[in-house]
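Analysis of the macromolecular model
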Protein chains: 2
Amino acid sequence: MIFIDACFGKKTPYTPVWMMRQAGRYLPQYLKVREKAGSFLHLCKNPESAAEVTLQPVDILGVDAAILFSDILVVPLEMGMDLRFSTGEGPIFSNPLMTKADLDKLQINEAAERLEYVYKAIRIIRSKLSSDKALIGFCGAPWTLATYMIEGSGTKTYGKVKKLLYSNPSFLHGVLAKVTEVLKLYLEMQIKSGVNAVQIFDSWASALEEKAFFEFSWRYIQDICSFLKSKYPDVPIIVFPKGISGYLDKIEGEFDVFGVDWSTPIELAKEKLGNRYVLQGNMEPTRLYSKRAIDEGVEHIVNVMQNKRHIFNLGHGILPDVSVENAKYFINSVHEKTKI
Amino acid sequence: MIFIDACFGKKTPYTPVWMMRQAGRYLPQYLKVREKAGSFLHLCKNPESAAEVTLQPVDILGVDAAILFSDILVVPLEMGMDLRFSTGEGPIFSNPLMTKADLDKLQINEAAERLEYVYKAIRIIRSKLSSDKALIGFCGAPWTLATYMIEGSGTKTYGKVKKLLYSNPSFLHGVLAKVTEVLKLYLEMQIKSGVNAVQIFDSWASALEEKAFFEFSWRYIQDICSFLKSKYPDVPIIVFPKGISGYLDKIEGEFDVFGVDWSTPIELAKEKLGNRYVLQGNMEPTRLYSKRAIDEGVEHIVNVMQNKRHIFNLGHGILPDVSVENAKYFINSVHEKTKI
């Protein structure tokens, strides 16, 4: 698979490309399945429907990898937390984690087992996906998941989790360690079910100062990476900690690909990490509003990366109001402009 | 004034400190005046009340500078746009800028004149403020204001303004140029009314890629800086473009102090800018939840900056749920730990 070769820094006939949130609302075909499922969470929990929307962008756009359709929060949900997605407000946990008693109630092995609907979706996808296309599994980073579990919802200020970080760091470490254990089992089961690569999303890495990032986020990500690499060295690991461009030179660990968010200049990422890791990204998502902006963005990244040690992607998820025509134009443009 | 000396890189007996949003909701005294005023916008427009809340943190906390209480959006308001602040949703312009006709209706000189309530507040504050304390005036950067004017409200994706940026950049430049002209007059009138320094807030700098930042934001900020510096070289200018740590080395222009947001490691800002500009910032605001975290944060920044070419501040506004006791502790801690 071209995508997997590229993850390991091998030469490929062109630079592979996929898009974060490529199975999403900009696709009318997605909206149809989503509507039939009744709710976002029902869609996540229905293996047939999840498989269907996972495969859509491969068929419609010709991306080089499918990414499992799911949500990072199914993990705390199946650990025992009550989760709902409210329209407009996003995800809400009705009983956020506050005490050690709350934490003790959460389960590890049972959670990994209850996520069977994800593994089933993977088996269906892999059975239908063309053998030259990769399937990417994923999870949220322990820090990002713990933040949701403690805040109870999205947050601008991270007030609750930061108070804990300063007043009771050992409790926070307890949460992170427990989530980490589930994620190891979860990603292992994803691999056993058929994913060819995994990506760890740390959407809220930028909520932490440098030192706190390494203490409360990166070490847990690396714990997962070491576990997976010791057992599945051939499965590439992509990490995507967002908004940490101030200290990229300090990043190191057992992973293969570093996802570059669009606020980080690709030149900077190449300088600081490009010799050590394959880079993924990082086109600015609103460029997909305009074909001229797509051309400029693709050309710039191709000029910097020179088709080496690079996987094309957006620097954030595709926006719901991008036209399918422009999304296709982006994928084609990458393939054409990077052909050897 | 110690604060002004520090802005120009002169040696001071201790490192001066103030906090963004120091006249704000964490202070019970502020809430009282705010309630009496009836609404946030009424408070901005009432010179006596605005002066009162501006002075509160100087009296209560002992900060080294007062910052004018106002809002960056009074500028588009007085240019002729309809603005309201809705509870929970933030600012809303009922008729966002869409066409050249919308733009042509907006006023320049009349806007600067209608902002008389701000100048009056400044005169009152300066008449009451101790002569060793600085008064900081401010405005939003043209890019940040234009984004609000075009989006009509806060935004996560900047969809409307980005569509314009790619499809009709000359219109966007027209908006930015017009706003810039008002801001020159506005800051000049603030200086004439008695402010001792000005800060230009570019809260949404991070919405732009590097190249676009210089084209659509920085050049307009610099247009304002050059105008002010040619007439008022003794008034320090502080710039605060948020979230641009990826290309700090490219920043240059006619200003005195660079505000460092907390996501940028202070070591990085010192390395890239510290020889050329005085730095302001950048303590992580949630550290004010805990005295131990305050101690650690202050000590770290003092260790890096060594009391040289530095003004202490938070790396973002003070949060509404910080206790006044901890805010005081922070201010005292800076004064004590930086005393020569």
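Here, every reference points to the structure presented above.
What comes next is a walk through the structure. Bear in mind that the values here come from a model prediction, so they are computed numbers and not experimental data.

As a further point, take the sheet that holds strand β8 (residues 278-283) of chain B. All names here are of chain B. With respect to topology, seven strands assemble into an open sheet ordered β1-β4-β5-β6-β7-β8-β9, the strand pairing being parallel. Each of the sheet's edge strands pairs with one partner strand only, and the pair in question is β1 (65-67) and β9 (310-314). Between one strand axis and the next, the sheet turns by 25° as a mean value, whatever way the strands run. In the sheet, β1 pairs with strand β4 (residues 134-140) via three bridges, with the strands oriented parallel. Directly across from Ala66, in β4, lies its bridge partner Leu135.

In this structure, Phe3, Met19, Trp143, Phe258 and Phe330 of chain A are the most contacted members of the largest nonpolar core, which totals 140 residues. Apart from the residues lying within four places of it in its own chain, the contact partners of Trp143 of chain A are Val161, Leu165, Leu172, Leu176, Asp202, Trp204, Ala205, Ala207, Leu208, Phe216 and Ser217 of chain A. Core analysis: the next-biggest nonpolar cluster, separate from the first, contains 139 residues, Ala6, Phe69, Ala207 and Ile238 of chain B among them.

All names here are of chain A. Under the defined criterion, the tally for this structure stands at one cavity of 30 Å³ or more. There is about 30 Å³ of room inside the largest cavity. If you go around the largest cavity, the residues you meet are Met20, Gln199, Phe240, Gly259, Val260, Gln280, Gly281, Asn313 and Leu314. Residue assignment for the lining of the largest cavity shows that the elements contributing at least two residues are β7 (257-260), β8 (278-283) and β9 (310-314).

Okay, the environment of Glu336 of chain A next. Residues and elements named next belong to chain A. Checked against the element boundaries, Glu336 lands in helix α15 (residues 324-338). Judged by relative accessible area, Glu336 falls into the exposed class, the value being 57%. Along the chain, Glu336 and Asp132 lie 204 residues apart, while their C-alpha atoms are 18 Å from each other.

Rules used in this analysis
- Residues numbered from 1 in each chain as written.
- Chains lettered and ligands numbered in written order.
- Predicted model: local features only at pLDDT ≥ 70, side-chain atom pairs only at ≥ 80, totals over all residues.
- Heavy atoms only, no water.
- Pairing = 2+ DSSP bridges.
- Helix = DSSP H or I, 4+ residues; strand = E, 2+ residues; numbered from the N terminus.
- Axes fitted to C-alpha atoms, helices over the stretch in contact; angles between N-to-C directions.
- Core = buried A, V, L, I, M, F, W, Y, C linked by side-chain atoms within 4.5 Å.
- Buried < 20%, exposed > 50% of the residue type's maximum accessible area, 1.4 Å probe, protein only.
- Contact = heavy atoms within 4.5 Å.
- 1 Å grid on protein atoms, 1.4 Å probe; cavity = no way out; pocket = protein on both sides within 12 Å on 5 of 7 lines; lining within 4 Å.
- Points joined across faces, edges and corners; volume = space filled by probe spheres on them.

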